[in-house]
Amino acid sequence: MLSEKVKDLLNAQVNAEFYSAYLYLDFSNYYKDEGLDGYSNWYYIQAQEERDHAMLFIQYLQQNGEKVTLEAIDKPDKKFSSFKDPLEAGAEHERHVTALIHNIYAAAYEEKDFRTMQFLDWFVKEQAEEEDNADDNVKKYELFGSDMRSLYELDSELATRVYAAPSLTLD
Ligand code: FEO
């Protein structure tokens, strides 16, 4: 049995993760339009990962006998004036998501809800990776993005990213 507060925060996280997927699809579309198919691919896969995160929160709620309420997903409204803009917005967004996860963790801790804490452990670790990857994208672009040949190589490297299902499974 989850507390009302923890349940509501977990339910809100379903929306936050779907929003992340929507945001990264928007980034993917932007790069596609700009002819950077590698960056587009990277964010397309990132969007798939975010959808997976949302599904995990749904499954966890349902495993605990809770009803899931799907809310409307906000429209991504970022405007980009350079190739670097989505990368920085992505890094900032991941820090925001980390804060959301930590907030749920803190609520679970307060309630001595060890089951939810254990479930969230995977996300705490995942967020460290997500922030690291997002920062890496910014750094690499800062180093190599201004040179067209290097940008081409960076884009080609990002084109090799393939989708992998999350290592966390709930059944
Ligand atoms: Fe689901 Fe990128 O956090």
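All of these numbers come straight from a predicted model, not from anything done at the bench. (Residues numbered from 1 in each chain as written. Predicted model: local features only at pLDDT ≥ 70, side-chain atom pairs only at ≥ 80, totals over all residues. Heavy atoms only, no water.)

K.L.:
Please clarify how the overall build of the protein should be interpreted in this entry.
P.N.:
Within the protein, the regular secondary structure consists of 5 helices and 0 strands. Counting helices and strands in the order they occur from the N terminus, the protein gives α-α-α-α-α. The C-alpha atoms of the protein give a radius of gyration of 17 Å, which matches the 16 Å a tight globule of 171 residues would have. Dimensions of the protein along its principal axes, counting C-alpha atoms only, are 55 × 25 × 25 Å. Sorting the 171 residues of the protein into buried and exposed places 45% on the buried side. Partitioning the intrachain contacts of the protein with sequence separation of at least 6 by distance along the chain shows that 82% fall at a separation of at least 24. The positive charge centre, built from 17 side chains, and the negative charge centre, built from 35, are 1 Å apart in the protein. (Helix = DSSP H or I, 4+ residues; strand = E, 2+ residues; numbered from the N terminus. Rg over C-alpha atoms; globule rule 2.2 N^0.38 Å. Buried < 20%, exposed > 50% of the residue type's maximum accessible area, 1.4 Å probe, protein only. Contact = heavy atoms within 4.5 Å. Lys, Arg positive; Asp, Glu negative; His and termini not counted. Charge placed at Lys NZ, Arg CZ, Asp CG, Glu CD.)

K.L.:
Would you mind going over the packing of aromatic side chains with me for this structure?
P.N.:
Centre distance and the angle of the planes are the two values used to describe a pair of aromatic rings. Summed over the entire model, instances satisfying the criterion amount to 14 aromatic pairs. An aromatic cluster of at least three residues, connected via ring pairs, comprises Tyr24, Phe27, Tyr30, Tyr31, Tyr39, Trp42, Tyr43 and Phe80. Lying over the aromatic face of Trp42, Arg161 brings its terminal NZ or CZ to 4.3 Å of the ring centre. (Phe/Tyr/Trp six-rings, centres within 6.5 Å; stacked < 30°, edge-to-face > 60°. Lys NZ or Arg CZ within 6 Å of the ring centre and 35° of its normal.)

K.L.:
Is there a simple way to explain helix 3 (residues 84-110) in this structure?
P.N.:
What sets the pattern is the α-helix's 3.6 residues per turn: residues three or four places apart point alike. Between its terminal C-alpha atoms helix 3 stretches 40 Å, which fits the 39 Å expected from 27 residues at 1.5 Å a residue. After helix 3 finishes, the residue Lys112 shows a positive phi value of roughly 55°. (Expected span 1.5 Å × (residues − 1).)

K.L.:
Even after reading the chapter, I still don't get the side chain of Asn64, so can you show me in this structure?
P.N.:
Relative to the assigned elements, Asn64 resides in the loop between helix 2 (37-63) and helix 3. Among the residues examined, Asn64 registers a relative accessible area of 11% and is labelled buried. Of note is the side chain of Asn64, whose polar atom sits 2.8 Å from the backbone oxygen of Tyr60. When near neighbours in sequence (up to four residues on either side) are disregarded, Asn64 contacts Leu2 and Arg115. (Polar contact = N/O pair within 3.5 Å; in protein donor to acceptor, adjacent residues only side chain to side chain.)

K.L.:
Teacher, can you tell me more about the environment of Lys78 here?
P.N.:
Structurally, Lys78 is set in the loop between helix 2 and helix 3. Relative accessible area serves as the criterion here: at 37%, Lys78 is assigned to the partly exposed category. Considering only alpha carbons, one finds Lys78 and Asn41, 37 residues apart in sequence, at a separation of 19 Å. If sequence neighbours within four positions are ignored, Lys78 has contacts with Leu23, Asp26 and Ala89.

K.L.:
Can you help me understand empty space enclosed by the protein in this one?
P.N.:
The probe, sized like a water molecule, is rolled over the atoms to show the empty space still left. Per the stated rule, a full pass over the model turns up 1 cavity of 30 Å³ or more. Its volume calculated, the largest cavity comes out at about 60 Å³. As for the largest cavity, its lining consists of Tyr24, Trp42, Tyr43, Gln46, Gly90, Glu94, Glu130, Asn133 and Ala134. Mapped onto the lining of the largest cavity, the elements with two or more residues apiece are helix 2, helix 3 and helix 4 (114-144). Taken together, the residues that form the lining of the largest cavity break down as 4 nonpolar, 3 polar and 2 charged. (1 Å grid on protein atoms, 1.4 Å probe; cavity = no way out; pocket = protein on both sides within 12 Å on 5 of 7 lines; lining within 4 Å. Points joined across faces, edges and corners; volume = space filled by probe spheres on them. Nonpolar A, V, L, I, M, F, W, Y, C, P; charged D, E, K, R; others polar.)

K.L.:
Sorry if this is basic, but what is going on with the pattern of salt bridges here?
P.N.:
Evaluated as defined, the whole model comprises 9 salt bridges. The salt bridge partner of Arg161 is Glu49, with a shortest N-O separation of 3.0 Å. Highlighted residues: Arg161 in the segment after helix 5 (148-158) and Glu49 in helix 2, separated in sequence by 112 residues. Glu49 matches Arg161 in its accessibility class, with the two residues each being buried. Within the structure, one salt-bridge network assembled from shared partners comprises Glu4, Lys7 and Asp8. (Salt bridge = Lys/Arg side-chain N within 4 Å of Asp/Glu carboxyl O.)

Read these as spatial facts, not as claims about activity.
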